[in-house]
Amino acid sequence: MKISVVGTGYVGLVSGACLAEVGNDVLCLDLDPEKIRMLASGGIPIFEPGLQDMVQRNVAAGRLRFTTDIERAVHHGTIQFIAVGTPPEEDGSADMQYVLAAARNMGRLMTDYKVVVDKSTVPVGTADRVQAAIAEELQKRGVTTPYAVVSNPEFLKEGAAVEDFMRPDRIIVGANDEQAVHLMRALYSPFQRNRERLIVTDVRSAELTKYAANAMLATRISFMNELANLAEALGADIEMVRQGMGADPRIGHHFLYPGCGYGGSCFPKDVKALIKTAAGEAGLDLKVLTAVEAANDAQKHVLGRKVKQRLGDDLSERHFAVWGLAFKPNTDDMREASSIELINDLLATGATVTAYDPVAMHEAQRVLGDDPRISYAKTPNEALAGADALVIVTEWKEFRSPDFDLIKARLKQPLIVDGRNLYDPAWVRGQGFEYLAIGR
């Protein structure tokens, strides 16, 4: 099947590569010529396990190509994925200019039947706006080319996106056109050979499903973070509480891990957008999600508070080692990362920082700027030298079983502030460390 993908960001590139992997003829469009040159030569602009090999393999096989030519992309695919960015506006709403620009280009150039697929995370009602934008362009041309607009939200976890696309737990298709549903079933049949995973809904329900899923996961995280803070104040152990809660099959163990707040490109943006959509489109105040957002904003400062409670408000003579910069493991994504708030909190009190992350340091330097108070280490152990404490922000696997004797020897004092509860408190304290975790 011939597929066009508009946008070669996180969602577009993963989708295009995975669709090519099962034999489709995929053409990806992006207006950034530098990015297209990188992709065509086998490079990728993001870190995602398994993605670069897949891109290189399918480029070499001729199934995956890249272009800046809008007309070529519109004419290529019967199915046209829109996978462009929808960054948050200042008021929290999603910026739809790139989605609607892609739709207008399709209406301006299409000459035969197209299935236009909203793959980007977009507010409820976006398909109607895409439909109207295409119809307006067709009307200007005086033609009645048939088309259908489908909502097919992505459910890709950064760090496991290739696996999620190739082995999905569900595929949501919101459509009102039978031919479009038939084509979408054919497109996704290679990804659901052992059982049916495709759920067909109306378009608006599909659009809302994406926001609802992310908002639910964000709610679980913020709930556990608040419960961890309470457990700490009451002298309880949140890990024991988590195990007891998760044993209830109605609750389960997923997303019950407390920490120093969620980040990334999805949860913060989608929670904000859903709150804004509810208020603007339906006149509803989503009190639970407003509290989820406020709790997360506060939790991102929990590590800085712990450091100041232990070492005082004036940290002008202090230096800290920070392990982990990306918002989660297996990605270099720094968007809304808790490390940004921690480092800013430490710098604001006069401290200096040496940070280490396996893949996100280049991106961190771009986000945090060229600040002489921040240095970057080549290894986790190098970051420890002369630090007053080790602060752990991201739960990379290489941090799970470190050499505690070496940590103690390199730190000025044996103090670990753990924002991800990586270690058993009794064991670490038994090694002679002061160990400050979340809710333990």
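Residues numbered from 1 in each chain as written. Predicted model: local features only at pLDDT ≥ 70, side-chain atom pairs only at ≥ 80, totals over all residues. Heavy atoms only, no water.

**Observations concerning the overall build of the protein chain**
Counted only if it meets this: Comment: elements are numbered from the N terminus, with helices defined as DSSP H or I runs of at least four residues and strands as E runs of at least two. Atoms counted for the radius of gyration: C-alpha only. Globule rule: 2.2 Å times the number of residues to the power 0.38. Residue exposure (1.4 Å probe, protein chains only): buried if accessible area is under 20% of the type maximum, exposed if over 50%, otherwise partly exposed. Calculation of accessible area relied on Shrake-Rupley with a 1.4 Å probe; when residues are assessed, cover is drawn exclusively from the protein chains displayed.
Counting its regular elements, the protein chain contains 18 helices and 14 strands. For a compact globule of 440 residues, the expected C-alpha radius of gyration is about 22 Å, and the protein chain comes in at 24 Å, within 12% of that figure. Its C-alpha atoms give the protein chain principal-axis dimensions of about 75 × 45 × 45 Å. Counting over 440 residues, the protein chain shows a buried share of 55%. When the accessible area of the protein chain is evaluated, it comes to approximately 19300 Å², of which 51% is carbon and sulfur surface.

**Brief notes about the sheet that holds strand S10 (residues 352–356)**
The following threshold applies: Think of it this way: DSSP has to see at least two bridges between two strands before they count as a pair. As a rule, the C-alpha atoms of each element are fitted with a line to give its axis, helices using only the stretch in contact, and angles between N-to-C directions run from 0 to 180 degrees. Should any heavy atoms of two residues lie within 4.5 Å, those residues are considered in contact.
Taking strand neighbours across the sheet as the criterion, the six strands line up as S11-S10-S9-S12-S13-S14 in an open arrangement whose pairing is parallel. Lying at the two open borders of the sheet, with one neighbouring strand each, are strand S11 (374–376) and strand S14 (434–436). Across this sheet, the average inter-strand angle for adjacent strands is 20 degrees, counted without regard to direction. As judged from the four bridges shared by strand S9 (residues 319–323) and strand S12 (residues 389–392), these two strands associate in the parallel manner. Counterpart to Phe320 in the pairing with S12 is Ala389. The sheet strands contacting helix H13 (residues 302–311) are S9, S12, strand S13 (415–418) and S14, and the helix crosses S13 at an angle near 155 degrees.

**A look at the pairing of strand S7 (residues 171–174)**
To keep it simple, the criterion reads: A right-handed crossover is one whose linking path, passing over the helix from the first strand to the second, runs clockwise when the strands point away from the viewer.
Across the two faces of S7 the burial is the same, with Ile171 and Val173 and Ile172 and Gly174 all buried. Bridge count for S7 against strand S8 (residues 198–201) is four bridges, and the pairing is parallel. Note on S8: the bridge partner recorded for Gly174 is Thr201. The parallel pair S7 and S8 is bridged by helix H8 (residues 178–188), and the resulting crossover is right-handed.

**Description of helix H14 (residues 338–348)**
For H14, a buried count of eight out of eleven residues is recorded, marking the element as mostly surrounded by other parts of the structure. Summarising the contacts, the buried residues of H14 are in contact with H13, S9, S10, helix H15 (361–368), S11 and S12. Trailing H14 by a residue or two, Gly350 shows a phi angle of about 100 degrees, which is positive.

**Some words on the pairing of strand S2 (residues 25–29)**
Of all the five residues making up S2, four are buried; the element is thus mostly covered by neighbouring parts of the structure. Sheet topology places strand S1 (residues 2–6) next to S2; five bridges connect them, and they run parallel. Bridge pairing in S2 places Ile3 opposite Val26. With helix H1 (residues 10–21) bridging S1 and the parallel S2, this β-α-β connection has right-handed handedness. In this structure, S2 lies alongside strand S3 (residues 64–67), joined through four bridges in parallel fashion. For Cys28, the partnering residue across the bridge sits in S3 and is Phe66.

**Considering the nonpolar core**
What counts, and what does not: The set of buried Ala, Val, Leu, Ile, Met, Phe, Trp, Tyr and Cys residues whose side-chain atoms join them within 4.5 Å is what this entry labels a nonpolar core.
If you look at the biggest cluster of nonpolar residues, it comprises 58 residues, and the most contacted ones within it are Leu303, Phe320, Trp323 and Leu390. Take this core: its biggest share by element is five residues, from H14. Here Phe320 is in contact with Val307, Leu311, Leu315, Leu346, Ala351, Thr352, Val353, Thr354, Ala387, Ala389 and Val391, once residues within four sequence places are set aside.

**Remarks on the layout of surface pockets**
Basically, it comes down to this: Cavities and pockets were defined on a 1 Å grid built from protein atoms only: a cavity is a group of points that admits a 1.4 Å probe but offers it no way out, a pocket is an open group of points flanked by protein on both sides within 12 Å along at least five of seven lines, and a lining residue is one with an atom within 4 Å of any such point. Grid points are joined across faces, edges and corners, and a volume is the space filled by probe spheres set on the points. Each residue gets one of three labels, nonpolar for Ala, Val, Leu, Ile, Met, Phe, Trp, Tyr, Cys and Pro, charged for Asp, Glu, Lys and Arg, and polar for the others, Gly among them.
One number sums up the size of the second largest pocket: a volume of about 1300 Å³. Contributing to the lining of the second largest pocket are 48 residues, with Gly9, Tyr10, Val84, Gly85 and Arg335 lying nearest its centre. Those elements giving two or more residues to the lining of the second largest pocket turn out to be H1, helix H4 (70–76), helix H5 (97–109), helix H11 (267–282) and H15. With five residues, the single largest contributor to the lining of the second largest pocket is H5. When its residues are assigned to classes, the lining of the second largest pocket shows 22 nonpolar, 13 polar and 13 charged.

**Section: the packing of aromatic side chains**
Selection criterion: Each Phe, Tyr or Trp ring, with Trp reduced to its six-membered ring, pairs with another whose centre is within 6.5 Å; inter-plane angles below 30 degrees give stacked pairs, above 60 give edge-to-face pairs, and intermediate values give tilted ones.
In the structure shown here, the tally under the stated rule is eleven aromatic pairs. For the pair Tyr262 and Phe267, a centre-to-centre distance of 5.8 Å together with 80 degrees between the ring planes defines the contact as edge-to-face. What makes Phe267 buried here is its relative accessible area of 14%. Taking the centre distance of 6.2 Å and the plane angle of 45 degrees together, the rings of Tyr423 and Tyr435 count as tilted. Placement of Tyr423 in the loop between S13 and helix H18 (425–430) and of Tyr435 in strand S14 is noted, with a sequence separation of twelve residues between them.

Purely spatial values, then, with no claim about function.
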